[in-house]
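# Per-entry structural report
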Amino acid sequence: MAKKNDYFGLSWIVSLILAIIPVTSWVCGFVTRFKEGKIVAGLIRLIFGFTIVWILDIIFMIMNHSILRLLNV
């Protein structure tokens, strides 16, 4: 399985910096999910992106070098 670079193919350290900033994490998160064709996941990020999803994105970015992918729908 190929490793995905999150947030538009940027390196994981740049993606981590973008994930730490709430507004960029929210925007990049739902744009990335829409770009992947995951409409439901993108809508969830659009609605709940400033809550627990933001914290989980930071944790996942540090541990897995990837944002949270809760739904693959």
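Definitions and cut-offs
Residues numbered from 1 in each chain as written. Predicted model: local features only at pLDDT ≥ 70, side-chain atom pairs only at ≥ 80, totals over all residues. Heavy atoms only, no water. Phe/Tyr/Trp six-rings, centres within 6.5 Å; stacked < 30°, edge-to-face > 60°. Helix = DSSP H or I, 4+ residues; strand = E, 2+ residues; numbered from the N terminus. Buried < 20%, exposed > 50% of the residue type's maximum accessible area, 1.4 Å probe, protein only. Salt bridge = Lys/Arg side-chain N within 4 Å of Asp/Glu carboxyl O. Expected span 1.5 Å × (residues − 1). Contact = heavy atoms within 4.5 Å.

### Re the packing of aromatic side chains
Evaluated as defined, the whole model comprises 3 aromatic pairs. Each ring, one from W26 and one from F30, has its centre 5.3 Å from the other, and the planes form 65°; the classification is edge-to-face. Of this pair, W26 and F30 both sit in helix α3 (residues 22-35), 4 residues apart, roughly one helical turn. W26 sits in the partly exposed class, given a relative accessible area of 24%. F30 sits in the buried class, given a relative accessible area of 16%. Taken together through their ring pairs, the aromatic side chains of W26, F30, F34 and F50 make up a single cluster.

### Brief notes about the pattern of salt bridges
All told, the structure shown has 3 salt bridges when counted by the stated rule. Among the salt bridges present, the one from R33 reaches E36, with a minimum N-O distance of 2.6 Å. Accessibility expressed as a relative area gives 27% for E36, which makes it partly exposed. Its salt-bridge partner being R45, residue D57 comes within 2.7 Å of it at the nearest N-O pair. Here R45 lies in helix α4 (residues 39-48) and D57 lies in helix α5 (residues 52-64), a separation of 12 residues in the sequence. The same class applies to D57 as to R45, namely buried. One network of salt bridges, in which partners are shared, links R33, E36 and R69.

### A short note on unusual backbone geometry
Positive phi outside glycine occurs at F8, with the angle close to 70°. Position of F8 among the secondary structure elements: in helix α1 (residues 6-9). Judged by relative accessible area, F8 falls into the partly exposed class, the value being 41%.

### So, α3
Since the α-helix packs 3.6 residues into each turn, any two residues three or four apart lie on the same face. Compared with an ideal rise of 1.5 Å per residue, which puts 14 residues at 20 Å, α3 spans 20 Å between its outermost C-alpha atoms and is within 8% of the ideal. Turning to α3, its buried residues number three or more, namely S25, C28, G29, F30, T32 and R33. Lining the buried residues of α3 we find α1, α2 (12-20), α4 and α5.

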